[in-house]
Amino acid sequence: DTYTKADCRAVWPEANMLDIDLSKLTDVKKARNKENVSFNTPFSQYDSNSPNNKITVMGNPSLGEVRTMMIGVRNNSRGMRNAEVWVNEMRLQDYTDDGGWAARGKLDLQLSDLATVSLQGRMETAGFGGLEQRVQERSKNNTYEYSVTTNVQLGKFFPEKAKARIPMYYSYSRKKVAPKYNPLDTDMELKDALDACSTKAKRDSLENIVTSTTINSNFSISNARFDIATKKHPMPYDPANFTVSYSHSHKHVAGETTVFENDDTWKFNMGYSYSPDFKPLEPFKKIKDKSKLGWLKILKEQKFSLWPQNLTLNSDITRRYYELQERDMDNLQDKSIPMTWSQDFLWNRTMNLSWDLTGDIHLSLQTATNAEIEEPYVP
C-alpha cells in the first residue's frame, strides 16, 4: 500500500520547501472508494491547487499507520549529475484542533406513593476535553448515552382489602460510541467513510461494525405478597406467609470485533414463612406442692409447645444463557467463526425449622438441596 506524488518539482532557488497537504491524500482515497474502484488498481487525481502534481493511491494505505518515511531524489536527465540534498526541519502544522462539547441532564419524577421515575442522558462529542488537556488527550469519540429507571408499587392497583405489596423495578440504559475516525481506515473520518459507501447496505454494514453499542435492561418484582392473615392466630394457609420474586436481566454488546454478545439471567424465588402465635401448654401448673422443699416446682414450670416457633421454606430457580459471536477482522465477509455459548439451570431449596419443645429443649433443623440441570442446546 503506497501513496505517491509524481511530477512534484521543487525549483531551486525559487522554491526550496516541499509542502504537502495531507488532506489531499485522503481526498483521493475517498474519491476512489466512491467510484468503487478495486484496491488492486492504481487510482490517480491531479491536485486542484497544483495541476502539475498527480496523486496516485493503490491498496488501502492509512496515514494513521505510518511508522517510517523515505525520501528519494530522481534524476530525470540522461546524463550524470552531482547534487547535494539537505532534508531537515520536517514538521506537521495546521493540525486539527476542533473543539467538542458535552451535555448532561437528569429528571426525577415522584408520582405520589405510586411510582418514581428517573431519566438521565449524556452526550459528548469528539474534541471535548478540559482546558488543561492537550489536543491528543481530548476525546476522539462521539458518545451518546441515556437511561430510564422506575420503581412502581403495583399493589396500588388492587383493592385496599387485598393488602397487596408488589414492588416492581425496571431500568433500561443504552450507550452508543461512534469514533471520529474510521477504525478500519484510520486516516479517514467516519462520516467521510460512510459517504464514500456506494450502496446503503455497505453503509449500514460499516456503521454497525465501527459503532460500539451497549444495552442493559433489568426487570424485577421483589417479595410480592398479600398481607392477609388470621387475626387472632396466624394459620399455615394464610396468604401473608407466601412471597414471590422474579427478575430478568439482559445485556447486549456489539462493536468492532464483536458481532453480538448477549447475556441473559432469569431468577425465580418462592418463599414460605410461618410463625404460629400459640401459648405453650403448662399441664402441671395447677398441681399443688405441699412439700416444704418445693420438689414439684420444676415440674410445675415445664412448658410444652405443640407448634414450632418458625418454619421457613425457600425455593430458588436461576437460569442463565450467554452467547458470543466474534468477527473476523481479516475478512469481514467470513461468517465461519463458531459462536461461543453457555447455559446453566440451577434449582436450590432450603428449609429452616425452629421448635422449642420445652423451656429447656430447643430444636433447630436446617436442610439444603442444590441441583444443576443441563438443558439441551437448540441452535
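Rules and cut-offs
Residues numbered from 1 in each chain as written. Predicted model: local features only at pLDDT ≥ 70, side-chain atom pairs only at ≥ 80, totals over all residues. Heavy atoms only, no water. Helix = DSSP H or I, 4+ residues; strand = E, 2+ residues; numbered from the N terminus. Buried < 20%, exposed > 50% of the residue type's maximum accessible area, 1.4 Å probe, protein only. Contact = heavy atoms within 4.5 Å. Areas by Shrake-Rupley, 256 points an atom, 1.4 Å probe, with all protein chains shown as cover. Expected span 1.5 Å × (residues − 1). Arc of directions from axis to C-beta. Salt bridge = Lys/Arg side-chain N within 4 Å of Asp/Glu carboxyl O. Phe/Tyr/Trp six-rings, centres within 6.5 Å; stacked < 30°, edge-to-face > 60°. Lys NZ or Arg CZ within 6 Å of the ring centre and 35° of its normal. Core = buried A, V, L, I, M, F, W, Y, C linked by side-chain atoms within 4.5 Å.

### Focus on the overall build of the chain
At step 1: Within the chain one finds four helices and 14 strands.
At step 2: Taking all 379 residues of the chain together, 24% fall into the buried category.
At step 3: Across the chain, every contact between residues at least 6 apart in sequence was considered, and the portion connecting residues at least 24 apart equals 61%.
At step 4: As displayed, the chain offers around 27,400 Å² of accessible surface, 54% of which is attributable to carbon and sulfur atoms.

### Details of helix 1 (residues 22–34)
Residue pairs spaced three or four apart in an α-helix point in one direction, given the helix's 3.6 residues per turn.
At step 1: Between its terminal C-alpha atoms helix 1 stretches 19 Å, which fits the 18 Å expected from 13 residues at 1.5 Å a residue.
At step 2: Downstream of helix 1 by one or two residues, Asn36 has phi in the positive range, about 60°.

### Brief notes about helix 3 (residues 200–210)
At step 1: Inspection of helix 3 places Leu206, Ile209 and Val210 among the buried residues, and these make up the whole buried set. The buried residues of helix 3 occupy one face: seen down the axis, they fall within an arc of 85°. Set apart from the buried face of helix 3 by more than 90 degrees, the exposed residues are Lys200, Ala201 and Asn208.
At step 2: If you follow the buried residues of helix 3, they end up packed against strand 8 (167–179), helix 2 (190–195) and strand 9 (212–226).

### Remarks on the pattern of salt bridges
At step 1: For the structure shown, the criterion picks out twelve salt bridges.
At step 2: The closest approach of N and O atoms between Arg225 and Asp227, which form a salt bridge, is 2.8 Å.
At step 3: The exposure class of Arg225 is partly exposed, given its relative accessible area of 29%.

### Overview of the packing of aromatic side chains
For any pair of aromatic rings, geometry is given as the distance between the ring centres together with the angle between the planes.
At step 1: If you walk through the whole model with that rule in mind, you get four aromatic pairs.
At step 2: On the basis of an interplanar angle of 55° and a centroid distance of 4.9 Å, the ring pair of Phe242 and Tyr272 is categorised as tilted. Here Tyr272 lies in strand 11 (residues 258–274) and Phe242 lies in strand 10 (residues 242–254), a separation of 30 residues in the sequence.
At step 3: Look at Phe242 and you get partly exposed, because its relative accessible area is 33%.
At step 4: Look at Tyr272 and you get buried, because its relative accessible area is 13%.
At step 5: One cation-aromatic arrangement involves Arg349 over Trp347; the distance from NZ or CZ to the ring centre is 4.3 Å.

### Observations concerning the nonpolar core
At step 1: Judged by nonpolar contacts, Ala178, Met188, Leu190, Ala193, Leu194, Cys197, Leu206, Ile209 and Val210 together constitute the single largest core of nine residues.
At step 2: Taken together, the elements giving at least two residues each to this core come down to helix 2 and helix 3.
At step 3: In this structure Val210 touches Val177, Pro179, Asn182, Pro183, Leu184 and Leu190, once residues within four positions along its chain are discounted.
At step 4: Ranked by size, the runner-up nonpolar core spans seven residues in total, among them Ala164, Met168, Ile221 and Ala224.

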